[in-house]
Every structure is written in structure tokens, then in C-alpha cells.
Amino acid sequence: MLLHDDRLFPADPVTRGIARRLYATIRDLPIISPHGHTDPRWFAEDQPFSDPATLLVKPDHYIFRMLYSQGVRLEQLGIPRKDGAPVEADPRAIWTLFASHWHLFRGTPTRLWLEHALSNVFGINERLSPDNADRLYDKIAEKLEQPELRPRALFEQFKIEAISTTEGALDDLKWHDMIKASGWSGKVVTAYRPDSVVDPEFEGFATNLDQFGALTGEDAHSWTGYLAAHRQRRDYFRQRGATSSDHGHATARTANLSKADAEALFAKVVAGSVSAEEADLFRGQMLTEMAKMSLDDGLVLQIHPGSSRNHNAFLFEHFGRDMGADIPRQTDYVTALKPLLDAVGNEPDLTVIAFTLDETSYSRELAPLAGHYPALKLGPGWWFLDAPEAMLRFRELTTETAGFYNTVGFNDDTRAYLSIPARHDVARRCDCTYLAKLVAEHRLDEDEAAEVAHDLAYRLAKEAYRL
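The rules we used
Residues numbered from 1 in each chain as written. Predicted model: local features only at pLDDT ≥ 70, side-chain atom pairs only at ≥ 80, totals over all residues. Heavy atoms only, no water. Salt bridge = Lys/Arg side-chain N within 4 Å of Asp/Glu carboxyl O. Helix = DSSP H or I, 4+ residues; strand = E, 2+ residues; numbered from the N terminus. Buried < 20%, exposed > 50% of the residue type's maximum accessible area, 1.4 Å probe, protein only. Phe/Tyr/Trp six-rings, centres within 6.5 Å; stacked < 30°, edge-to-face > 60°. Lys NZ or Arg CZ within 6 Å of the ring centre and 35° of its normal.

A. Here's a closer look at the pattern of salt bridges. Evaluated as defined, the whole model comprises 36 salt bridges. In this structure, the salt-bridge partner of Arg111 is Glu115, at a minimum N-O distance of 2.9 Å. A residue pair is termed a helical-turn pair when its members lie 3 or 4 positions apart in one helix, as Arg111 and Glu115 do in helix α6 (residues 109–122) at 4 residues. A single burial state applies to Arg111 and to Glu115, both of which are buried. Asp431 is the partner of Arg395 in a salt bridge, and the nearest nitrogen-oxygen pair spans 3.0 Å. Taken together, the positions of Arg395 in helix α18 (residues 388–402) and Asp431 in helix α19 (residues 420–440) put the pair 36 residues apart, joining distant regions of the chain. On the basis of relative accessibility, which here comes to 3%, the residue Arg395 falls in the buried class. Overlapping salt bridges bring together Asp199, Glu201, Arg253, Glu277, Asp280 and Arg283 as one network.

Written as C-alpha cells, this is what we have:
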């Protein structure tokens, strides 16, 4: 395994030379990681990571969804079952199983990310295989015991300037409080993710709503009290550094109902008597309500629609949410976002960042929308679209109508900590490849391309997310 210096750059020597020069100007920029799912407990306690499997395999659904597709059971990977039934507890056995299936990741971004981590963090420059699995396990495990591989030291080694985790509305944020109290200078903030008390179809919604009211002291079963509870929790998150809220709805639907109609719909939600259509309407209404709250408190609104979440009913039943069984779906934005944009889309002080898993909507819908409405920005390719080819398609399909400056740079959206610098490096290389092509075709001067490369790698994310 060798990480080639020219990986992801154009094969054409002239364009490759331009890409090299652009990349050299941004490769060492600090990382702004404005949206992701790393565990704040890592940074709060700053304890050594326990073993290679727990660090690199178990938290990464990109890895275990691929293994599952080839017949590996999640129990074999040590993924806890909801019923508490036994699963593999030996991290070496999990690592060995992973190594025996390493060939499955040929050509995937997962391989790029993991090889980057193995090389840059652990000094491993040979391809993982069943023959060397034990030896590499021991090398990684030995390194993990060293102080420079603890979470805070890695944070500094990775040149992370700021990172945002994502917590639910009911989270007490104790780990963020611990980070703040520790005096450590690393900037780790949270983001407000209220899906569990916004989505009537979320498991345990009624109980969650009860807890929401108890936590805030508001009457969360009345429309007025429910909105007040959200404002209170948003403020609680803001006090712990939050600059954004995040919403993972199945669709991009928004609504802007009258107060009377919203109250009537919420009464049905509280009674547990909403249809699937009404549940979607309520989620849409809450996106607009959150956007209006953002005008008051300044939180950036992120919309992450387009995933059929927990598609595998068997895995959801036995293992719970987020087990790699999420599938992209076709998503409408022009009609779906119009109620929200009618209400707040012309507000220059509001930032709404729309993401998609349906790249067919980039040039047809999202880029033209972001290229017009002052409040709307276009989020980068995420999840299934964070591969190099998809990143290049993103630029090709959106730059014509949204330009570069109605986008927000890059975010890694990961729970796999060691993949963060790898993902940002891939994004920087892909953007330099795209910009180099524009320079080679005499559509952009190289000094302009260098400025854009810097903005995409650093400035746009920092400014858009107010970090």
C-alpha cells in the first residue's frame, strides 16, 4: 500500500501540474469540521482508544454495511444487539475478520480514508491482508497506548481548528460541559438535532415529548409550550457552542401553516392519531418554525433529507437505528422548499444549508435555488456522495448556476475520527482537480483558482457555520 502523491489528480500532465500547485497552497490549512458525529466523550475524557477494531471498524457504518452485504453478521463485528444477546467481544477477532474482507473495499472511498489513516497516523504502508492482520493489529494497539494518539493530541495533530458534534434535543450535553471545564483549548461544539421530538414517526415519540416537557418546564403538549421548549433547548445548546441545528427528515418538505392550523395538527400529533401524510406535514412545518427561530438566535439551519432510513426492518428490529441500512431516495426541492423560502428565503442574515442524496437534483433544482435565494446555501456531497467521482460531479453540476460562493466548502459528516483528515484531503484534492481543469481550459486564472481552493478548503465552511 502506497499513498501516491498524485492520487486523485488528473492523468493529463499539464492539468496535473496545475492541480499539484493549487494543492500545495492548501494541503496544510487547518480543518474546519462543522458537522459530524464524533463522540464528545472522547474529547472530554481524553482516554486512549481501546483497540484497533473499536476505533476503526465498529463505529464506521461505511465498513460494516459493506461487510454485511457479503454475508458478515453484525454480531461478528461486535455490534450490540437490542436484546442484549451475545456478540463477538474479541477485538482481534473482529479485526482479523475485517482484514479477510479488505478486498471488498477496492475502488471505494472507504479504502482511501482508511489507508490514509494507517499511513499517516500509524506509519503503516503495506496493504492490509489476512497474512499481516495480526502484526498490524499489534502495531496499531501499541501506538494507541502512546500519549500522542489520545483524542486531544490527535485533534491537534490533525490541525482541527473547530469540530461540531451532533446531539439530540434531550441530551444533557455533559461531555461538552466537561470539555469546557477542563480548560483545554480545542474548539468542540455541539449541534441541535431535534428529530426525536419533531418526527411523530420516530420511535418512542410520545415518551420523548414527555421528557422534552419535563426537561424544559414547558407544556410540550401545547403548541405554544412546545415551541417555547425548542427555543429553550436551542439556547441551552448555543451556550455550549452550537452554531447550527440539523434535521434528518425523509423529505425536504416544508410548510407554513396558520397558527390555528398548526395548533390543530399538533393536537393530532400529541394524540398519536396522525397519518403518514400528516406526520410529513408536521415535519415540514417544523422546518419552517426552526428557520424562523434561526432569525432570532442565529443558528444555521441544516436540512439533510433524501434518505430512506433504517430500510432493513430486520436490522432495525434487532440492532436499532443507523446500522448502515440507509438508502438514498429521489427528493423534490423546488416545490418542497417553497413554503420555507416564501417565509424566510429573502433574509440575508439567515443561512439554510440544503443537502441531498439525489444528485440528479443538483443542476435541475438545488443549484438554481441556491443561486437565487439569499438565505439558501448548497451543502457538499455527503454520505453516498462523498466519493471522489461524486465530488467532481458536484462541482460540474452546481458551479454553472450557484458558483462557488453559494456553497459551503466541505464537511466530513463522520463518526470515524481518524477518517476526518483523510476526507478533507480527498475533498481538497478533488477541488484542485476541478479548478485545474478550469485553468487549463483558460476559464479561470491560476491566482483566482488558488483563492477559490483556499475558500473551499477553509473560509467558506468557517463563515457559513459561524465558526
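B. Region of interest: unusual backbone geometry. Backbone geometry at Asp46 places phi at a positive 50°, although glycine is not the residue there. Residue classification places Asp46 among the buried positions, given a relative accessible area of 18%. Unusually for a residue other than glycine, Trp383 sits at a positive phi of about 55°. The topology assignment puts Trp383 in the loop between β11 (376–378) and α18. Take Trp383: its relative accessible area is 9%, and that puts it in the buried class.

C. Expanded view of the packing of aromatic side chains. Enumeration over the complete set of coordinates arrives at 27 aromatic pairs. Summarising the aromatic geometry, the rings of Phe98 and Phe105 are spaced 6.0 Å apart at their centres and angled 70° between planes, so their arrangement reads as edge-to-face. Here Phe98 matches Phe105 in class, with each residue buried. Judged by centre distance (5.7 Å) and plane angle (70°), the ring pair of Phe158 and Tyr417 falls under edge-to-face. Note that Phe158 is positioned in the loop between α8 (151–157) and β2 (160–164) and Tyr417 in the loop between α18 and α19, a separation of 259 residues in sequence. Both residues of the pair, Phe158 and Tyr417, belong to the buried class. Counting every residue linked through ring pairs, the aromatic cluster contains Trp42, Phe43, Phe49, Phe155, Phe158, Trp184 and Tyr417. The residue whose ring lies beneath Arg423 is Tyr62, and the NZ or CZ to ring-centre distance is 4.9 Å. Note that Arg423 overlies the ring of Trp113, its terminal NZ or CZ placed 3.7 Å from the centroid.

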